[in-house]
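For reference, the chains in residue letters:
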Amino acid sequence: MERTFLAIKPDGVQRGLVGEIIGRFEAKGFKLVGMKLMTASRELAEQHYGVHKERPFFAGLVDFITSGPIVAMVWEGDGVVASARKMIGATNPLNSEPGTIRGDLAVNVGRNIIHGSDAVETAQQEISLWFKEEELSAWTPSLTPWIVE
Ligand code: DAT
Ligand code: MG
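Now for a quick tour of the structure.

Things to note about the packing of aromatic side chains
Moving on, step 1. Scanning the entire structure with this criterion turns up three aromatic pairs.
Moving on, step 2. Between F5 and F131, the aromatic rings sit 6.4 Å apart at their centres with planes inclined by 65°, giving edge-to-face as the arrangement. Of this pair, F5 sits in strand 1 (residues 3-8) while F131 is found in the loop between helix 7 (120-130) and helix 8 (144-147), placing the two residues 126 residues apart along the sequence.
Moving on, step 3. Using a relative accessible area of 0% as the deciding quantity, one classes F5 as buried.
Moving on, step 4. With a relative accessible area of 6%, F131 lands in the buried category.
Moving on, step 5. With 5.7 Å between their ring centres and 45° between their planes, F25 and W75 make a pair best called tilted. Residue F25 is located in helix 2 (residues 18-28), and its partner W75 is located in strand 3 (residues 70-76); the two are separated by 50 residues in the primary sequence. The exposure classification of F25 matches that of W75, with both residues buried.
Moving on, step 6. Clustering of aromatic rings is evident, with ring pairs tying together F5, W130 and F131.
Moving on, step 7. Between K36 and the ring centre of F131, over which it is positioned, the NZ or CZ distance is 4.5 Å.

Written as structure tokens, this is what we have:
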């Protein structure tokens, strides 16, 4: 089953948006299989955003993402990687459609409140970077037959 890595960034936690954001993925019908509140080390943040290390915003991005607790999560479901990206919206919240998390709740690219893996392969790498296998729970929500046929 497909899985994605999502993280509510320090701005989302500080703004009290954890419940609002998690609620959207629950309501959609995806399954939460791992979650922890943690402050990322610089090393972890630099690995996570390694693809951006030559970009001018890299140092500031790492400073920001390590500045306070984040909520790291793994969600599961058919097509969850692409669907979560749609639910999150465009990188710059000023371009994110209303109805998306960033479109509804953010205004600045450096404070866009949530991360989501951009592809199935990236998701697998990010999940193994942030979580140990034993931190993930395989379970069957009792509502599953009412969500997927
Ligand atoms: P996304 O988070 O939508 O996958 P990304 O991978 O291109 O976006 O960039 C990672 C994060 O870096 C993004 O969430 C916010 C920050 N960022 C991206 N482009 C930026 C820019 N031009 N200025 C400042 N921060 C930027
Ligand atoms: Mg990205």
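There's more to say after this.
Observations regarding unusual backbone geometry
Moving on, step 1. A positive phi angle, near 60°, is found at I113, a position not held by glycine.
Moving on, step 2. You can see I113 is positioned in the loop between helix 6 (101-105) and strand 4 (114-116).
Moving on, step 3. Judged by relative accessible area, I113 falls into the buried class, the value being 0%.

As for the site of ligand 1
Moving on, step 1. Lining the immediate environment of ligand 1, one finds K9, Y49, H52, F57, L61, R85, T91, R102, V109 and N112.
Moving on, step 2. Contact between ligand 1 and H52: an oxygen atom at 2.8 Å from a side-chain N or O atom of the residue.
Moving on, step 3. A total of 510 Å² of accessible area belongs to ligand 1 in isolation, and the protein chains cover 74% of it.
Moving on, step 4. The class makeup of the residues in the shell around ligand 1 is four nonpolar, three polar and three charged.

Definitions and limits used
- Residues numbered from 1 in each chain as written.
- Chains lettered and ligands numbered in written order.
- Predicted model: local features only at pLDDT ≥ 70, side-chain atom pairs only at ≥ 80, totals over all residues.
- Heavy atoms only, no water.
- Phe/Tyr/Trp six-rings, centres within 6.5 Å; stacked < 30°, edge-to-face > 60°.
- Helix = DSSP H or I, 4+ residues; strand = E, 2+ residues; numbered from the N terminus.
- Buried < 20%, exposed > 50% of the residue type's maximum accessible area, 1.4 Å probe, protein only.
- Lys NZ or Arg CZ within 6 Å of the ring centre and 35° of its normal.
- Near = heavy atom within 4 Å.
- Polar contact = N/O pair within 3.5 Å; in protein donor to acceptor, adjacent residues only side chain to side chain.
- Areas by Shrake-Rupley, 256 points an atom, 1.4 Å probe, with all protein chains shown as cover.
- Nonpolar A, V, L, I, M, F, W, Y, C, P; charged D, E, K, R; others polar.

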